[in-house]
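Geometric and topological summary
Okay, here's what each chain looks like letter by letter:
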Amino acid sequence: MDSLGLTLEIFTSEGKLLRKLSSIKPKKSESYPGGPPPPSILPTQSGMNRFAWDMRTETLPGIPNVFVQGDLRGYKVGPGLYKAKLSANGVSSEISFHIKMDPASTTTKEEWIAQRLILEKIDSDVKEVHQMVNKMRLVKKQILLQEELLQDNPNARDLLENGKSILKKIEDWENQVIESRQKNFQDVINWPSKMNGELLDLKSRIDTNGAKLTNGAKQRLTDLNTQWKLDKSNVD
């Protein structure tokens, strides 16, 4: 039954949480083109249940009603030892399991680790971009609300002007890091993706079963990190 509130947590062998899944559907889960996929829900029917983890980490947050050209699913983990913890009503059961390497693969352990580290960095950057945009949009909403409340107050003229100046700075900054005019995958021709889309594009080229990182991919991430650091400084 759904009332049991089952949770399934996936950890690395060192105990780092990679993914948390639940049998309870979120109360608020908006679906829009280019947004995150709907959450996977654990089955809780009477009798035996089966659930297949897709070997991916936590889904990345989106920007409400903004189309993002890229995959917001977490990255796919590589071969290694992992832990799964199933919990319900204060009772937990934990097991360890292996994800095995393709026998035909020539990828070394060191190459898998290098791939994981760069994918972790990309996901962290995309998450930070989206969280900062969402935060700035909340600030913008608050300023607009204050404008509405103070528009007829003659003593608030300077305050309103400052508000307009801040709104323009927020809009200019947002236009540097995301492309909100995209509505589908074809719009990227007219309005090329910006920071978040560029990071996700790089991720799609790295998040493969081969785990062979090229110098070009490493350099591209370095360039994007340099640009993102500059973009973040402009918020201040």
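Residues numbered from 1 in each chain as written. Predicted model: local features only at pLDDT ≥ 70, side-chain atom pairs only at ≥ 80, totals over all residues. Heavy atoms only, no water.

Applying the stated criterion to the full structure yields 16 salt bridges. Here Asp 54 and Arg 19 are joined by a salt bridge, their closest N and O atoms 3.0 Å apart. Residue Asp 54 is found in the loop between β2 (17-22) and β3 (80-88), and its partner Arg 19 is found in strand β2; the two are separated by 35 residues along the sequence. For Asp 54, a relative accessible area of 33% puts it in the partly exposed group. With a shortest N-O distance of 3.0 Å, Arg 205 and Asp 201 are connected by a salt bridge. Pair noted here: Arg 205 and Asp 201 are both in helix α3 (residues 195-206), with a separation of 4 residues, about one helical turn. A relative accessible area of 60% places Arg 205 in the exposed class. Judged by relative accessible area, which is 32%, Asp 201 ranks as partly exposed. What you see here is one network of salt bridges that share partners, running through Lys 16, Arg 116 and Glu 120. (Salt bridge = Lys/Arg side-chain N within 4 Å of Asp/Glu carboxyl O. Helix = DSSP H or I, 4+ residues; strand = E, 2+ residues; numbered from the N terminus. Buried < 20%, exposed > 50% of the residue type's maximum accessible area, 1.4 Å probe, protein only.)

Another aspect to go through is unusual backbone geometry. Among all residues except glycine, the phi angle is most often negative; among peptide bonds, the trans geometry is most common. Residues other than glycine seldom take positive phi values, yet Met 55 does so here, at roughly 65 degrees. Along the chain, Met 55 falls in the loop between β2 and β3.

Okay, the packing of helix α1 (residues 109-150) against α3 next. Running from N to C, α1 and α3 cross one another at 160 degrees; their axes reach a closest spacing of 10 Å. As the angle between them shows, α1 and α3 are arranged roughly antiparallel. With respect to the hand of their crossing, α1 and α3 are arranged in left-handed fashion. Across the interface between the two elements, Gln 115, Ile 118, Leu 119, Ile 122, Asp 123, Asp 125, Val 126, Val 129 and His 130 from α1 touch Met 195, Asn 196, Leu 199, Leu 200, Leu 202, Lys 203 and Ile 206 from α3. Classifying every residue of the contact of α1 with α3 by side-chain character gives 10 nonpolar, 3 polar and 3 charged. (Axes fitted to C-alpha atoms, helices over the stretch in contact; angles between N-to-C directions. Parallel < 35°, antiparallel > 145°, perpendicular 65-115°, else oblique. Left-handed = near helix turned anticlockwise from the far one by under 90°. Contact = heavy atoms within 4.5 Å. Nonpolar A, V, L, I, M, F, W, Y, C, P; charged D, E, K, R; others polar.)

Bridging between strand β1 (residues 7-12) and β2 involves 5 bridges; their strand directions are antiparallel. Within the sheet, the bridge partner assigned to Leu 8 lies in β2 and is Leu 21. The turn linking β1 back onto β2 is made up of 4 residues, and Gly 15 within it adopts a positive phi angle of 100 degrees. (Pairing = 2+ DSSP bridges.)

Across the sheet, which stays open at both edges, the 4 strands sit in the order β2-β1-β3-β4 with antiparallel pairing between neighbours. Each of the sheet's edge strands pairs with one partner strand only, and the pair in question is β2 and β4 (91-99). When strand polarity is set aside, the average angle formed by the axes of neighbouring strands in this sheet is 20 degrees. Where β1 meets β3, 6 bridges bridge the pair, whose relative direction is antiparallel. Bridge assignment links Phe 11 to a residue of β3, and that residue is Lys 83.

That is the geometry; function is a separate question.
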